[in-house]
Amino acid sequence: MAGNCYHCGLPIGTAVNFDVLIGGQAQPMCCAGCQAVAQAIVDSGLSQYYQHRDAMPDSPREAVPVMLQELGLFDHPDVQRNFVHAVAEDENLREANLLLEGITCAACVWLNEAQIRKQAGVTAVGINYSTRRARVQWDQRQIKLSEILAAVAAIGYRAHPYDVARAEALAVAERKTALWRLFVAGFGMMQVMMYAVPVYMADVGSGGDMSAGIEQLMRWASLILTLPVMFYSAAPFFVNAQRDLAQRRVGMDVPVALGIGAAFLASVWATLTSGGAVYFDSVTMFVFFLLSGRYLEMLARQKAARSVEAIARAIPAFAERWRSWPAGMAERVPVADLCVDDVVRIAPGDTIPADGVVIDGSSSTDESLLTGESVPLHKSRADSLVGGSVNIDSPLIMRVERVGEGTRLAAITRLMERAASEKPAVVLMADRIAGRFVLALLILALVSGVFWWWLEPARALWIFVAVLVVSCPCALSLATPTALTVATGALARHGVLVTRGHAIETLARATHFVFDKTGTLTEGRMRVTEIIAVNGNETFARSIAAALERGSKHPIARALQGGDDPSIAVDESVNTTGEGVAGVIDGETWRLGRPEYVAGLHGLALPEQIVTRVGAGDTPLALGNHRGWQAFFFLTDSMRGDALQMVSSLKALGFAVSILSGDSAAAVARAGQMLGVDDARGNLLPQHKLAAVRALQSEGAVVAMIGDGVNDAPVLAQAQVSIAMGGGADLARSSGDIVLLGQRLMAITDGVFLARRTTRIVRQNLGWSFAYNFLAIPLAVLGWVTPWMAGIGMSASSLLVVLNALRLQGVKR
């Protein structure tokens, strides 16, 4: 059987017979591999793939069976630890970022999404055509990762764990291809103009010196030189337009492809019939200018994307691991091979490969990429090190505590990816307007063409093309997402991590800032100033309190954990949010927390000396059991160094500021007095904070809530925009729309300034986009804009909004 394989397009041998029934017809295949893949596609009910595809896939051949044998390795925990992570909402859900190979068109994306989504246990899948990245979420009780990868392999594609180097290779390939298309268009444009200019100068149509034969020769030469521009440089416009129309949608490449195609076909017809005008020069010039604009846009977008992905690139490829510390020797190993409790040597100038703790040496580290704080931090024995930061002065020996997806860097990257995957309302609105605008544009261009055909047929075609091209709403669609992408990267450099798509837009509209006190306005390093033992002694009281707080990460708990006695066992430990902790020790129930909470155990009133002491402003903590009060702890915390400056800056910008805290009313009032905040309320339970925020919202306030700790999670979720301190509890961090990565509270005012400036730039971009279209369309309809001028205008408008958005990268603190 002769011919080409229906699946991969390769030639079929004469003695080969591997047919597959597709769409009711037997289609020839070149080998058993293609037959198996095609049959899998048909059996999965995805045979529409062959109707929608616009390019052949990579040939699977023998690679697929070999890959299938190796896919089981991806189920191994040691392999998964660097790219698979658990989903917070469900301990059985897993999520991974994969890089797909073999994607050649949008139909491939549809096919892979459909194939993965139909697998039992897959809960979510999304594939980005531009980056070839797939974000897959699955229930590990129902399906294994290897089964998902096998489902991809069954239809002739390959999936790998996402790798920054591979993503960069794709970006390089995209730039290289775009540059070649631009070169061909530019070369073709110059050569065509060499033949077009003499015809214009000779003015053949008005009886010039050039003979009809020479003019026809010029036309044929121009046609031949235009062919590579049309079939190579302009190919993406036609491919994308065909894809959009096949999916019954009108994309932005539809009017471009229609305009180019109409002008080219009319010119070909004029050349074949030796009559009428030709537009080869306008076609090549238009394609060149349009590709020039898109190439510059691509460079700008990739530059913005690289600034956002800079954090993901921070981890080095290799690390220096000691085989047995302090003896033995160091060996250079891939960072992916590091395990918890490995000992790593970090030379000056090297990037820290994982999260860990210093066990030897003293140096300083630069964490500016992760926190936005440019001042180096001193590190010595027992200090924590964060993967992605840079060692500056002297060698450090570190014991690894977290690797791969468990590191702080990986958590930051996931939050940034979540923000990038969400579209704020303004982007969705712009997309809807652009979609309707394209349809209206097609109707307007058709009406304009018909009108000019009736009025002056010789000008009808190029006016039709100019109307199609000049007002393509590319700038409208780029106006908002480009600005938000650049702003996200700029905020990250200031230590402000955006984790939700709407956060920048909402922060710019905020009118009221509400702060928690402990760990937010204060440093969160509480210390015990006094212990009053009512029964027993201070040492015993502190050991009981430390045992009850064992395992907690709250600042108050850390202040008490120094006296923990491991011999004291605590049973039935219960933490009541905003109140305290209870547990059974030696058969007796103890409570530690707010005096009101502890009093519920024995019903006794506070001793007089304690009532007097509470009014001094320190944070009181009571310890008691059924026999009554046992001890009282008084704690204090230092205000952050820039808290007053931050509050003053917010008030100067016109914001209302409040403090809502569960701390004692006296301690909160003192903090409010120090910071100049009149609305400072203490002794608030989580439900009280929630009610206070709802009351502000009912009065029309747009609330930005800044908090730290589990107690703040509900109110963070209630606020229109929430900001979580980066050192807080995991639940609060996941509830925050924005996370402060460092300790600088002034990063909040930096964020507000950048958010407001981003909003202004978005408005400028949208205003320019609408103004350009409203100005350009009438001029094109009136015949004052030629196709090549339309190409310049369209490209320039798109480039302008991108360059305007890039101004955000230069914003200083």
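Above this note sits the structure.
Calculation notes
- Residues numbered from 1 in each chain as written.
- Predicted model: local features only at pLDDT ≥ 70, side-chain atom pairs only at ≥ 80, totals over all residues.
- Heavy atoms only, no water.
- Axes fitted to C-alpha atoms, helices over the stretch in contact; angles between N-to-C directions.
- Helix = DSSP H or I, 4+ residues; strand = E, 2+ residues; numbered from the N terminus.
- Parallel < 35°, antiparallel > 145°, perpendicular 65-115°, else oblique.
- Contact = heavy atoms within 4.5 Å.
- Nonpolar A, V, L, I, M, F, W, Y, C, P; charged D, E, K, R; others polar.
- Left-handed = near helix turned anticlockwise from the far one by under 90°.
- Buried < 20%, exposed > 50% of the residue type's maximum accessible area, 1.4 Å probe, protein only.
- Phe/Tyr/Trp six-rings, centres within 6.5 Å; stacked < 30°, edge-to-face > 60°.
- Pairing = 2+ DSSP bridges.

A. Local environment of the packing of helix H15 (residues 457–470) against helix H28 (residues 746–781). Following both chains from N to C, one finds H15 and H28 inclined at 175°, their axes separated by 9 Å at the closest point. Here H15 lies roughly antiparallel to H28, going by the angle between them. Here Ile463, Ala466, Val467 and Val470 of H15 come into contact with H28, specifically with Tyr772, Asn773, Ala776, Ala780 and Val781. Across the contact of H15 with H28, the residue classes break down as eight nonpolar, one polar and no charged.

B. Structural detail: the packing of helix H10 (residues 253–273) against H15. The N-to-C vectors of H10 and H15 enclose an angle of 160°; their axes lie 8 Å apart at closest approach. In terms of orientation, H10 lies roughly antiparallel with respect to H15. The handedness of the crossing between H10 and H15 comes out as left-handed. Residues Pro255, Leu258, Gly259, Ala262, Ala263 and Ala266 of H10 touch H15, and the partners they reach there are Leu461, Phe464, Val465 and Leu468. Split by residue class, the contact of H10 with H15 holds nine nonpolar, one polar and no charged.

C. Here's a closer look at the environment of Arg94. Within the secondary structure, Arg94 is located in strand E4 (residues 90–101). For Arg94, a relative accessible area of 18% puts it in the buried group. For Arg94, the contacting residues outside a window of four places in its chain are Val84, His85, Ala86, Val87, Val136, Gln137, Trp138 and Gln140.

D. Region of the structure containing the packing of aromatic side chains. Throughout the structure, instances matching the rule amount to 10 aromatic pairs. Seen from their ring centres, Trp180 and Phe183 are 5.7 Å apart, and the 90° between their planes marks the pair as edge-to-face. One end of the pair is Trp180 and the other is Phe183, both in helix H7 (residues 164–202) and three residues apart, which spans about a single turn. Taking relative accessible area as the criterion, Trp180 reaches 47% and is therefore assigned partly exposed. On the basis of an interplanar angle of 75° and a centroid distance of 4.8 Å, the ring pair of Phe513 and Phe655 is categorised as edge-to-face.

E. Up close: the pairing of strand E2 (residues 25–29). Across five bridges, strand E1 (residues 18–22) lies against E2 in antiparallel orientation. Looking across to E2, one finds that Val20 is bridged to Gln27. Between E1 and E2, which follow one another and run antiparallel, lie two residues, and Gly23 among them has a positive phi close to 65°.

F. Layout of the environment of His602. Note that His602 resides in helix H21 (residues 595–602). Setting aside its immediate chain neighbours within four residues, His602 contacts Asn625, His626, Gly628 and Trp629.

G. Seen up close, the sheet that holds strand E13 (residues 377–379). Taken together, three strands build an open sheet; the order of strands is E13-E12-E15 and the sheet is antiparallel. What marks the edges here is a single partner per strand, and that holds for E13 and strand E15 (390–391). When strand E12 (residues 363–366) meets E13, the two strands line up antiparallel, connected through three bridges. Within E13, the position partnered with Thr365 by the bridge is Leu377.

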